[in-house]
Structure formats: structure tokens, C-alpha cells
Amino acid sequence: MIVYKTFTGQIDKDHDVLHQQNEVRNQLALFINEASGHHRIIQINELSVPESGLFTVTVWFTQPDVKHEADMSSQPEAQSADVLAQLLREKGRRDMLKTMVDEHMIRSDSS
């Protein structure tokens, strides 16, 4: 999936413009460095609008698609895992019931 993130800064012409633009670029660099390795950068765009003093940097990148559990449940591996999980839950219930019956039998025999 292709997504984007935009970083924006208000540029004051009375101060060092390049320094202010670099602050916005540094926000982008921080974002890229913290992003996991699953992202691939496609393009980075910079836009400066002198009339409004706005400076933006937009990065376009790929992001892995999120797989929904419903999608995975149709796969044979996931169905096998679901069946196994259900069997383990049922076995746990049977073991618990067997233990309760055994304890009841022990208590009833000792009284």
C-alpha cells in the first residue's frame, strides 16, 4: 500500500531560512530513521510557498498491508491452528472436569 506523511514548518523570513527548512527536513529524517525496515521510500517532495511562509516536505512510501484475522481464517494453516486451539481448550476443560470428578470421588470415599 502506498501512503504519505507531510511535515510542515512556518518560515520566518527575518531569520535564517535555510536553518528553518532544515528543521523540517530533520523531522522527516527522524521519521525515516524510526520507520521499520518494511517501508520503501518512493519519493520525497519539498514545497515552499513564499507568500504564506509555508515550507512542507512530503514523503511517499510503501507500507505493508495489514492482514485481517478474517482473511487468515480462510487459509488452511490458520484453520488447522484454529482446530488445534479448540482441541486444546476442550482438552483443558476435560482435564479440569476429570480432576473435579477425581477430587469428588476422593472426598466421598474418605468421609
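Everything below is about the structure printed above this text.
Residues numbered from 1 in each chain as written. Predicted model: local features only at pLDDT ≥ 70, side-chain atom pairs only at ≥ 80, totals over all residues. Heavy atoms only, no water.

Peer 1: What is the right way to look at the pattern of salt bridges in this model?
Peer 2: One side chain can pair with another of opposite charge once the charged atoms of both are near each other. Evaluated as defined, the whole model comprises one salt bridge. A salt bridge links R25 to E46; its shortest N-O distance comes to 2.6 Å. Linking R25 in helix α1 (residues 17-34) with E46 in strand β2 (residues 40-49), this pair joins segments that are 21 residues apart in sequence. (Salt bridge = Lys/Arg side-chain N within 4 Å of Asp/Glu carboxyl O. Helix = DSSP H or I, 4+ residues; strand = E, 2+ residues; numbered from the N terminus.)

Peer 1: Which parts of the structure should I look at to understand the side chain of T62?
Peer 2: As for its placement among the helices and strands, T62 is situated in strand β3 (residues 54-62). Since its relative accessible area comes to 17%, T62 is described here as buried. Residue contacts for T62: discarding those within four places in its chain leaves M1, I2, H38, H39, R40 and I42. (Buried < 20%, exposed > 50% of the residue type's maximum accessible area, 1.4 Å probe, protein only. Contact = heavy atoms within 4.5 Å.)

Peer 1: Just checking my understanding: could you explain a nonpolar patch on the surface for this structure?
Peer 2: A contiguous nonpolar patch, built from I2, Y4, I42 and W60 and spanning about 420 Å² of accessible area, is present on the exposed surface. Within the secondary structure layout, I42 lies in strand β2. Overall, the relative accessible area of 40% leaves I42 in the partly exposed class. (Patch = residues over 30% accessible without salt bridge, like charges linked within 9 Å, V, L, I, M, F, W, Y side chains within 5 Å. Areas by Shrake-Rupley, 256 points an atom, 1.4 Å probe, with all protein chains shown as cover.)

Peer 1: Can you walk me through the sheet that holds β3 in this structure?
Peer 2: On the basis of which strands lie adjacent, the open sheet formed by three strands has the order β1-β3-β2 and antiparallel pairing. Looking along the sheet, the strands with just one partner apiece sit at the ends: β1 (2-10) and β2. Neighbouring strand axes in the sheet, compared pairwise and without regard to direction, differ in orientation by 15° on average. By the bridge criterion, nine bridges tie β1 to β3 in an arrangement that is antiparallel. Within the sheet, the bridge partner assigned to K5 lies in β3 and is V59. This element, α1, spans β1, β2 and β3 of the sheet and lies at about 20° to β3. (Pairing = 2+ DSSP bridges. Axes fitted to C-alpha atoms, helices over the stretch in contact; angles between N-to-C directions.)

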